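Inside the fold
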Amino acid sequence: MKHIISIQLENESGALSRVSGLFSARGFNIESLTVAPTNDATLSRMTIVSIGDEDIIEQIVKQLNKLIDVVTVTNLTATEHIERELMLVKINVEPSTQADIDQHIDEYAGKIVDVSENTYTVEIAGKSQRIDDFLASLDVSKILEVSRTGVTGVCQKREY
Amino acid sequence: MKLNGAQILVKCLQSEGVEYIFGYPGGAVLHIYDALDACKEINHVLVRHEQGAVHAADGYARVSGKCGVALVTSGPGLTNAVTGIATAHMDSIPMVVISGQVSSAVIGNDAFQEVDSVGITRSCVKHNFLVTDIGDLATVIKKAFHIATTGRPGPVLIDISKDTTIDDIEFGGYPKTINMRSYQPEIKIESSQIDKAIALIIQAKKPIIYSGGGSVIGNADVELIALTRDTGFPITQTLMGLGAYPATDKQSLGMLGMHGTYEANMAMHDADCIIAVGARFDDRITGNLDLFCPYAKIIHIDIDPSSVGKTVGVDVAIIGQVTDALNALSTGLKGKKLADISAWWRQINEWRAVDSMAYQTKAGVIKPQSVIEALYEVTKGEAIVTSDVGQHQMWAAQYYPFDKPRRWINSGGLGTMGFGLPAAMGAKLAEPNSDVACVTGEGSIQMMLQELSTMLQYDTPVKIINLNNGYLGMVRQWQEFFYDKRYSMSYMDALPDFVKLAESYGHIGIKVEKEADLMPALKEAFAQKDRTVFLDILTDPTENVFPMIPSGAGHHEMLLAGRDEMASTNDKGLNLV
């Protein structure tokens, strides 16, 4: 099963490789990983999507907690949470298909952030499934480039 | 007063109370060596290879309980140290390794003797640091010692760029305390878990205590003995745990696992309640996980939550210091009536009567087991025994019953050949008044032979018990059992004359070829209090380590010497190694 694990860690050089190194050394799977500093500049927030059964996820959480730079680890999937992902996608647009594509973008509340000759760059945010669905709704031959951030998320409770 | 980084480092090490540094100089650490030269309080031991430095610091730490310290230069100095660091990491040994690094201006430029030390060691340290700013140095050193010695201990690397050692700064003193929000090693035992454990313990009709390295590292011998005596339960100890509970006591069933005793493994298999104390259910203990302890409720005490439930599911997890947990159990059990376990002891005594440690003697050959028994006799069971890795390691663990902790020093987790000799040197420095024996084989000893030279220079007399059977014995044993006796590369042809070799290093060498010479040679060796003596003992080249759970089998499927000469395994076992 897919789990979203949210980590607060010291914003220090090498902290990212400690986490990614742990996953590769112990054979844990990483589906996506995002990281950026938080409002506290000394802390980074990392969100990892991993696939594994309960025992593996438990080990992942325990092993992450063991890393000296890690301050907190939360399995978001185990609690009420909000998850979002952002995608930038370049789409080939011909006059004959433009109306159809515009409609798709509207349906998915996408934003056209750049228009150049025969090309849209579209921003879509939402649950990963929504992004998958949007891509699936397009003619594959029209998709020029895809860049997704991977999932980030927060717990819905005020504190955890 | 302004001090340079090297001087600050040395001041900080002094403040930590460091007695010994094991190290080897080189370009990136020349400033540090210059500062060390001016320091009279810290003794530096110049090894002959950086791996030896780390193993010596490790042996020192295991015997003394203090933090070991090693110092190496950048590049090859660090890469040579990696095996030692990984060895300490697998066995949770408190250690700080200081490595030089090229100047920060050229880091990343493939400079001379540059490697990414922090990257290379990341997966085999508890934590590591790269220091490129002298302002961070003292705090980092404080953190390093704090991390290395608290919680589940482990090695910490401090990589210091050369310019950091040259720069100077007004030194504000070594921090007295350190608080890290991301590292809180103090864990309070949860009383609800203790209650659950006690409920299981008082019902248990077939209980067993299974104690591991955590009881030694966590200095829990007194508490372990108290709980074991109070409950009257049988106890078995892992290779890493030997000595925390006295092996000669009647409640001790000896070691468990692949080469453990019949009674220990059978008792584990049939137990209805297992109290695991600072042990981590590793594959050498469990054998085939599908067949492991099928009837038992498991209580697991460990300082490291990630050890719990990693390979074996447990019923009650008690996370915290082993001493705290054992005390809490002992207190909770006061006044409680335990179930009658006399039938269990009768069963155990039947298993004991099998006498699984018996071995057959053969006229004209020296049995390796008898060497260890003679060593035990000559040292009255009081020596510190280090070992290398292989058959001799198992025989030492099986035939030298340790009654005290920190007397049995071996690389249990990583299984590092070459560990024994430098570890013996570190052990002797930690306890100069104890006899130190290094039980080794002609394969292992040749991996760290060069440290014989260091041992002469620093006057660390140890007795090297070389069980020389001309084979990489454990490899040969597995090839005999599992590879149809195809002895691929397990024969060590062209061995040196170890007697002459020892003599050329300034030590005493004695060759023992006949059984009748064994005892006199051992006595002679230990009578030479001030000398390192290399006993090259020619032992039976065909002897195998028994009893044995063939890899892939369960605890109840043990093979015994003289009764099951040939072991077999299955695909699963071969995969387990």
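Residues numbered from 1 in each chain as written. Chains lettered and ligands numbered in written order. Predicted model: local features only at pLDDT ≥ 70, side-chain atom pairs only at ≥ 80, totals over all residues. Heavy atoms only, no water.

Moving on, we get to unusual backbone geometry. Residue and element names in this part refer to chain B. For the bond from Phe-546 to Pro-547, the omega torsion is -5°, close enough to zero to count as cis. Its identity is not glycine, yet Asp-459 carries a phi of approximately 55°, on the positive side. Mapped onto the secondary structure, Asp-459 falls in the loop between α18 (451-457) and β18 (463-468). (Helix = DSSP H or I, 4+ residues; strand = E, 2+ residues; numbered from the N terminus.)

Residues and elements named next belong to chain B. Reading across from one edge, β11-β10-β9-β12-β13-β14 is the order of the six strands in this open sheet, with parallel pairing throughout. Two strands close off the open sheet at either side, each with one partner strand: β11 (252-255) and β14 (316-319). Direction aside, the axes of adjacent strands within the sheet are offset by 15° on average. As defined by bridge partners, strand β10 (residues 235-237) adjoins β11 across two bridges and the pair is classed as parallel. Looking across to β11, one finds that Gln-237 is bridged to Met-255. Running at roughly 135° to β14, helix α8 (residues 191-203) makes contact with β12 (273-277), β13 (297-302) and β14 of the sheet. (Pairing = 2+ DSSP bridges. Axes fitted to C-alpha atoms, helices over the stretch in contact; angles between N-to-C directions. Contact = heavy atoms within 4.5 Å.)

Attention shifts here to the UniProt feature "domain: ACT" (unreviewed entry) in chain A. On the UniProt side, "domain: ACT" (unreviewed entry) is annotated at positions that read residues 4-78 of chain A here. Overall, residues 4-78 of chain A shows 32% helix and 37% strand. The separation of its end C-alpha atoms is 9 Å. (UniProt positions renumbered as here; feature names shortened; annotations may be inferred.)

Our focus in this paragraph is the UniProt feature "domain: Thiamine pyrophosphate enzyme N-terminal TPP-binding" (unreviewed entry) in chain B. In this numbering, the UniProt entry assigns the feature "domain: Thiamine pyrophosphate enzyme N-terminal TPP-binding" (unreviewed entry) to residues 4-119 of chain B. Overall, residues 4-119 of chain B shows 45% helix and 18% strand. The separation of its end C-alpha atoms is 26 Å.

Residue and element names in this part refer to chain B. The complete set of buried residues in helix α10 (residues 221-231) reads Glu-223, Leu-224, Leu-227, Thr-228 and Thr-231. The arc that holds the buried residues of α10, viewed along the axis, is 130°, so those residues lie on one side. For α10, the exposed residues set more than 90 degrees away from the buried face come down to Val-222 and Asp-230. Its buried side turned inward, α10 meets β9 (207-211), α9 (213-217), β10, β12 and α13 (322-333). (Buried < 20%, exposed > 50% of the residue type's maximum accessible area, 1.4 Å probe, protein only. Arc of directions from axis to C-beta.)

Residues and elements named next belong to chain A. Of all nine residues in strand β1 (residues 2-10), eight are buried, a share of seventy percent or more. Of the strand pairs in this sheet, β1 and strand β3 (residues 43-51) are connected by nine bridges, and their pairing is antiparallel. Bridge pairing in β3 links His-3 to Ser-50. Relative to strand β4 (residues 70-75), β1 is paired through five bridges, and the arrangement is antiparallel. If you follow Gln-8 over to β4, its bridge partner there is Thr-72.

Residues and elements named next belong to chain B. Direction vectors running N to C along helix α15 (residues 368-378) and helix α16 (residues 391-399) enclose 45°, while the axes themselves pass 9 Å from each other. Viewed along their axes, α15 and α16 adopt a mutual orientation that is oblique. The element α15 and its partner α16 pack so that their crossing is right-handed. Mapping the contact onto sequence places Pro-368, Gln-369, Ile-372, Glu-373 and Tyr-376 in α15 and Trp-395, Ala-396 and Tyr-399 in α16. (Parallel < 35°, antiparallel > 145°, perpendicular 65-115°, else oblique. Left-handed = near helix turned anticlockwise from the far one by under 90°.)

A few words on the domain arrangement of chain A. Residues and elements named next belong to chain A. Under the domain assignment, chain A is made up of domain 1 (2-78) and domain 2 (82-155). Just the C-alpha atoms count here: the centres of domain 1 and domain 2 sit 28 Å apart. For the domain 1 and domain 2 pair, buried surface summed over both sides reaches about 540 Å², with 63% attributable to carbon and sulfur atoms. For the domain 1 face of the interface with domain 2, the top three residues by lost area are Ile-4, Thr-34 and Leu-76, together amounting to 59%. (Domains from an automatic or database assignment. Buried area = accessible area lost by both parts, 1.4 Å probe.)

As a further point, take the UniProt feature "domain: Thiamine pyrophosphate enzyme TPP-binding" (unreviewed entry) in chain B. As recorded in UniProt, the sites labelled "domain: Thiamine pyrophosphate enzyme TPP-binding" (unreviewed entry) are residues 388-537 of chain B. Each end of residues 388-537 of chain B is marked by a C-alpha atom, and these two atoms are 15 Å apart; helix forms 38% of the span and strand 16%.

Attention now goes to the pattern of salt bridges. Pairs can form between side chains of opposite charge whenever their charged atoms are close. Residues and elements named next belong to chain B. For the structure on display, the rule yields 24 salt bridges over all chains. Its salt-bridge partner being Arg-62, residue Asp-91 comes within 3.1 Å of it at the nearest N-O pair. In this pair, Asp-91 sits in the loop between α4 (76-90) and β5 (95-101) while Arg-62 sits in helix α3 (residues 50-64), placing the two residues 29 residues apart along the sequence. Between Arg-486 and Asp-484 there is a salt bridge whose closest N-O contact spans 3.6 Å. Look at Asp-484 and you get exposed, because its relative accessible area is 63%. Taken together, the shared-partner salt bridges in this structure form one network comprising Lys-362, Lys-367, Asp-540 and Glu-543. (Salt bridge = Lys/Arg side-chain N within 4 Å of Asp/Glu carboxyl O.)

Counting residues at the interface gives 16 residues for chain B, matched by 17 residues for chain A. Approximately 1,400 Å² of surface area, both sides summed, lies buried where chain B meets chain A, with 47% of it carried by carbon and sulfur atoms. The three residues of chain B that bury the most area against chain A are Arg122(B), Arg181(B) and Ser182(B), which together make up 43% of that side's buried surface. Linking chain B with chain A are three salt bridges.

Our focus in this paragraph is the sheet that holds strand β6 (residues 127-131) of chain B. All names here are of chain B. Strand order in the open sheet made by the six strands is β3-β2-β4-β5-β7-β6, with parallel pairing throughout. The sheet terminates laterally at β3 (43-46) and β6, the two strands that pair on one side only. Within the sheet, the average angular offset between the axes of one strand and its neighbour, ignoring direction, is 20°. As paired elements, strand β2 (residues 20-23) and β3 share four bridges and run parallel to each other. Note that in β3 the partner of Tyr-20 across the bridge is Asn-43.

Attention now moves to the side chain of Ser252(B). Turning to its location among the elements, Ser252(B) is positioned in strand β11. Ignoring any residue separated from it by four or fewer positions in sequence, one finds Ser252(B) in contact with Ile235(B), Tyr245(B), Pro246(B), Ala247(B) and Arg352(B).

Here we come to the side chain of Lys126(B). Mapping Lys126(B) onto the fold places it in the loop between α5 (117-121) and β6. In this structure, Lys126(B) is buried with no salt-bridge partner, the nearest side chain bearing the opposite charge being Asp304(B) at 8.9 Å. Within the structure, the side chain of Lys126(B) is placed 2.8 Å from the backbone oxygen of Ile147(B), a separation counted as a polar contact. Engagement of the side chain of Lys126(B) in a polar contact is seen with the backbone oxygen of Arg152(B), the distance being 2.9 Å. Setting aside its immediate chain neighbours within four residues, Lys126(B) contacts Ile68(A), His89(B), Ile147(B), Thr150(B), Gly151(B), Arg152(B), Pro153(B), Gly154(B), Pro155(B), Val156(B) and Tyr183(B). (Lys, Arg positive; Asp, Glu negative; His and termini not counted. Polar contact = N/O pair within 3.5 Å; in protein donor to acceptor, adjacent residues only side chain to side chain.)

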